[in-house]
Amino acid sequence: MAWIQIQKAFALSFWYHMYGNNPGSLYLRVQNFHDEDKFETIWTKSKSQGPNWKYEQVHIVKDYAFKIVFEGDGTWYGDISLDDFSLNYKACPPRDFCDVEQDYCGFAHDPESDFQWKRGNGSRTNGPDVDHTYGSGFGNYFYVDPKTAVKEGNVARLESGLYQPDKKCMRFWYYLNGIDVGNLEVLIRNGDSKVSKWKEAGDNSEFWHGSEVLLEEQLPSAYSYIFQVTAGSAYVMEPLQSTTLL
């Protein structure tokens, strides 16, 4: 159980890990500072969430002084862990979250690409066995099919819809596995301009990795994100999932 005394509204960010056959449940509660018998559960997760750490952000506003309490009812058949707490006394920015479960979340293929991104899951592709969001073989993600890359250097682009310049940050999870896999790149399209903001190449092992792209400059107009894969000599899967815009 972890305690943090709070005197006003804030945004709480943290990372959590819940893995195993039955790790139990994790609860985030607020406790009235002047009445310790008064609790309110404001966030909870149960069951295994996969082998990777996950990020969460919760906005809390109360009209009384309170504490926050993390409580876990773990079992012998799994583990629950917490790390990297962050308090922001400004309001949480609005979030557009895409877990790729229902559709393409407004992303579209660039018709000028040499080959295309697809949407699938571990039960139907040669990519990761489980997705990042749910740690499930039936959880969907975007991926590049290596058989559709004609030659080394071919590119596949997946482009978002337009965002206003006040959207400054995008978080996402990616998976790069294989020798000579090529590279994954994030570009910003603003009008006729395309600028590279992030790039990763090579074998990053059989794990999902989190990253983010932060726009520090003020753009003159609406812009879009482009996820671009450049095929290496091996043309191996390069999945992408759990995109969050802040």
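Residues numbered from 1 in each chain as written. Predicted model: local features only at pLDDT ≥ 70, side-chain atom pairs only at ≥ 80, totals over all residues. Heavy atoms only, no water.

Colleague: Teacher, can you tell me more about the overall build of the protein chain here?
Modeller: Check the secondary structure of the protein chain and you find zero helices and 18 strands. By residue count, 46% of the 246 residues in the protein chain fall in the buried class. Of all intrachain contacts in the protein chain linking residues separated by at least 6 positions in sequence, the fraction that spans at least 24 positions is 78%. With an accessible surface of roughly 12500 Å², the protein chain has 48% of that area assigned to carbon and sulfur atoms. (Helix = DSSP H or I, 4+ residues; strand = E, 2+ residues; numbered from the N terminus. Buried < 20%, exposed > 50% of the residue type's maximum accessible area, 1.4 Å probe, protein only. Contact = heavy atoms within 4.5 Å. Areas by Shrake-Rupley, 256 points an atom, 1.4 Å probe, with all protein chains shown as cover.)

Colleague: What am I meant to see in the sheet that holds strand E14 (residues 182–190) here?
Modeller: In sheet architecture, strand pairing relies on hydrogen bonds along the backbone and comes in two forms, parallel and antiparallel. The strand order across the open sheet formed by five strands is E9-E12-E17-E14-E15, and the pairing between neighbours is antiparallel. This sheet does not close on itself; its edge strands, each paired only once, are strand E9 (108–109) and strand E15 (193–201). Inspection of the sheet shows E9 paired to strand E12 (residues 155–159) by two bridges, in the antiparallel sense. Bridging across to E12, Ala108 finds its partner in Glu159. (Pairing = 2+ DSSP bridges.)

Colleague: Teacher, can you tell me more about the packing of aromatic side chains here?
Modeller: For any pair of aromatic rings, geometry is given as the distance between the ring centres together with the angle between the planes. On inspection of all chains with the given rule, the structure shows 16 aromatic pairs. Note on Phe70 and Phe85: the rings are 5.5 Å apart at their centroids and 55° apart in plane angle, and the pair reads as tilted. Placement of Phe70 in strand E6 (residues 66–72) and of Phe85 in strand E7 (residues 77–88) is noted, with a sequence separation of 15 residues between them. Accessibility expressed as a relative area gives 2% for Phe70, which makes it buried. Seen in terms of ring centroids, Phe172 and Phe227 are 5.3 Å apart; in terms of plane orientation they differ by 75°. Their pairing is edge-to-face. Taken as a pair, Phe172 in strand E13 (residues 169–174) and Phe227 in strand E17 (residues 224–231) lie far apart in primary sequence, 55 residues in all. The class for Phe172 is buried, based on a relative accessible area of 1%. On the accessibility criterion, Phe227 (0% relative accessible area) is buried. Through pairs of rings, three or more aromatic residues link up here, namely Tyr104, Phe107, Phe142, Phe172, Tyr174, Trp198 and Phe227. (Phe/Tyr/Trp six-rings, centres within 6.5 Å; stacked < 30°, edge-to-face > 60°.)

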